[in-house]
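# Geometric and topological summary
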Amino acid sequence: MSDVTAQGISRELIAQVDSSGQLDDVLALPEHLRDAVWRVESAIMQDWDTPAGLVVAGMGGSAIGGALARAALGDHASRPIFVTRAYGLPTWTTPDTMVLCASYSGETEETLACYESAGALGAKRTVVTTGGRLAEMARADGVPVIPLPAGFQPRAAVAYMIVAALEVAALCGAGPRLTAEIDVAASHIEQLVAEWGPDAPEDSLAKEVARGLYGTIPVVAGAGLTAPIAYRWKTQINENAKQPAFFGELPELDHNELAGWEGARDLGRFSAVFLDDSDAHPRVKQRMDLTEQMISGSAAASFCLETRGETAVERVVSLVLLGDLVSIYLAALRGVDPGPVKALDELKGALAKV
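Below or above, wherever it landed, is the structure these notes cover. Predicted, not measured: the structure shown is a model, and the values here were computed from it.

Cut-offs used in this document
- Residues numbered from 1 in each chain as written.
- Predicted model: local features only at pLDDT ≥ 70, side-chain atom pairs only at ≥ 80, totals over all residues.
- Heavy atoms only, no water.
- Pairing = 2+ DSSP bridges.
- Helix = DSSP H or I, 4+ residues; strand = E, 2+ residues; numbered from the N terminus.
- Axes fitted to C-alpha atoms, helices over the stretch in contact; angles between N-to-C directions.
- Buried < 20%, exposed > 50% of the residue type's maximum accessible area, 1.4 Å probe, protein only.
- Right-handed = clockwise from strand over helix to strand, strands pointing away.
- Phe/Tyr/Trp six-rings, centres within 6.5 Å; stacked < 30°, edge-to-face > 60°.
- Lys NZ or Arg CZ within 6 Å of the ring centre and 35° of its normal.
- Left-handed = near helix turned anticlockwise from the far one by under 90°.
- Contact = heavy atoms within 4.5 Å.
- Nonpolar A, V, L, I, M, F, W, Y, C, P; charged D, E, K, R; others polar.
- Expected span 1.5 Å × (residues − 1).

### A look at the sheet that holds strand 5 (residues 145-147)
- The 5 strands lie next to each other as 2-1-3-4-5, forming an open sheet whose pairing is parallel. Bordering the open sheet on either side are strand 2 (81-84) and strand 5, each of which pairs with just one other strand. The sheet shows a mean angle of 20° between the axes of neighbouring strands, direction not considered.
- As paired elements, strand 1 (residues 53-57) and strand 2 share 4 bridges and run parallel to each other. Looking at strand 2, one finds that Val56 is bridged to Val83.

As structure tokens, then:
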């Protein structure tokens, strides 16, 4: 074990690099869930019946809430729920579609384009944002705005985005109200914060996974409910730990990616993380176990982790918390600040000039 991974992962270690308090935002996930419900209710929205379903339009940390909400609803979704990460809406969008435009800053150009497209199509619209041009246009058009608290990195507002998508899905008839489940999940996550947080023992799960992934390129795989969570892990490692990470989905990866692992050791140090769910299809669980066994010999580290909790909301948010903590711990081990995303800001600046 290297000197870096031998040291304890503590608040003090994280504080040396975490200039903007990203750890505190992760640990506040339970209160974010509760506050999000209140904020949706404060928007005083009416129920809209949109038989064509719900489209969540957003990018990055603002879009992932829609994908996670869809996973949490599972078979309880009664109408299509689709996430678009693009400049336009699905071609099947009609006036009978609800479009939730999610942009933390309110300045995301792809989401602004979707907002305008939805208006041109006559679709119902709702906005979730802190302000910016998106809020200005929505208020001018009489479109409901779900207000978000300012001061976060957009990815740290994940609980707000999940709840907004769940509540709007209920308002437009795409799924049941899950307010009670959200409250139960918040209490459950408080327990997991204590179990996995920086004050937990060094052999706690989040710290063990972070040390195992340190110095490797993680490849995170999910299936069904955990597929969007695996994508969240990948993006959090990208943005917080400032390193490459990749995402796959079972059973599809068994038809292609599995063969690629044969050459992993020749090309670098790759690690594998499989995100399982207690309610997963039995054949998917079998595939996950067998796939991890086949990959482990070529991986620098390998983990199979399962959701925690009874309800789907609890299970989704449990692994979101675990992944967020692992990404912060990786940042601390790497000695990088999890807050700033310089490369993303540079690209936005360059695009603004062309």
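### Describing the pairing of strand 9 (residues 301-306)
- The alternating pattern of strand 9 places Ala301, Phe303 and Leu305 on a buried face and Ser302, Cys304 and Glu306 on a face that is not buried.
- Sheet analysis places strand 8 (residues 270-276) next to strand 9, joined by 6 bridges and oriented parallel. Bridged to Asp276 within strand 9 is Glu306.
- With helix 14 (residues 282-296) bridging strand 8 and the parallel strand 9, this β-α-β connection has right-handed handedness.

### Here we look at the packing of aromatic side chains
- This model, assessed by the stated rule, comprises 5 aromatic pairs.
- Measuring from centroid to centroid gives 5.5 Å for Tyr231 and Phe247, while their planes differ by 80°, and the two rings are edge-to-face. Of this pair, Tyr231 sits in helix 11 (residues 227-241) while Phe247 sits in strand 7 (residues 246-249), and the two are 16 residues apart along the sequence.
- We classify Phe247 as partly exposed; its relative accessible area is 32%.
- Taken together, a centroid distance of 6.4 Å and an interplanar angle of 75° make the contact between Trp261 and Phe270 edge-to-face. Side by side, Trp261 and Phe270 carry an identical accessibility label, which is buried.
- Linked through ring pairs, Tyr104, Phe152 and Tyr160 together constitute an aromatic cluster.
- Just above the ring of Tyr115 sits the side chain of Arg125; from NZ or CZ to the centre is 4.1 Å.

### Some thoughts on the packing of helix 9 (residues 179-196) against helix 15 (residues 312-334)
- The geometry of helix 9 relative to helix 15 is characterised by a closest axis approach of 9 Å and an angle of 35° between their N-to-C directions. Note that helix 9 runs across helix 15; the crossing there is right-handed. Together, Glu181, Ile182, Val184, Ala185, His188, Ile189, Leu192, Val193 and Trp196 of helix 9 and Val313, Glu314, Val317, Ser318, Leu321, Leu322, Leu325 and Tyr329 of helix 15 make up the contact between the two elements.
- Among the residues forming the contact of helix 9 with helix 15, the class breakdown is 13 nonpolar, 2 polar and 2 charged.

### Quick look at the sheet that holds strand 8
- On the basis of which strands lie adjacent, the open sheet formed by 4 strands has the order 7-6-8-9 and parallel pairing. Since the sheet does not close on itself, it has two edges, and those belong to strand 7 and strand 9, each with one partner. When the angles between neighbouring strand axes are averaged without regard to direction, this sheet yields 20°.

### A word on unusual backbone geometry
- The omega angle of the peptide bond from Leu250 to Pro251 is 5°, so this bond is cis rather than trans.
- Note on placement: Pro251 falls in the loop between strand 7 and helix 12 (257-260).
- We note that Lys242 has phi near 55°; this positive angle belongs to a residue other than glycine.
- Note on placement: Lys242 falls in the loop between helix 11 and strand 7.
- Given the relative accessible area of 29%, Lys242 is considered partly exposed.

### Points about the environment of Leu23
- On the secondary structure map, Leu23 appears in helix 3 (residues 22-27).
- You can call Leu23 buried: its relative accessible area is 4%.
- Along the sequence, Leu23 and Arg139 sit 116 residues apart, while their C-alpha atoms lie 33 Å from each other.
- Those residues in contact with Leu23, other than ones at most four positions away along the chain, are Ile14, Asp18, Pro198, Leu325 and Ile328.

### Digging into helix 6 (residues 109-121)
- The end-to-end C-alpha distance of helix 6, which contains 13 residues, comes to 18 Å, matching closely the 18 Å that a straight helix rising 1.5 Å per residue would cover.
- The set of residues buried in helix 6 consists of Glu110, Thr111, Leu112, Ala113, Cys114, Tyr115 and Ala118.
- Where helix 6 is buried, its residues contact strand 1, strand 2, strand 3 (97-102), strand 4 (124-129) and helix 7 (132-141).
- The positive-phi residue at the C-terminal boundary of helix 6 is Gly122, with phi of around 80°.

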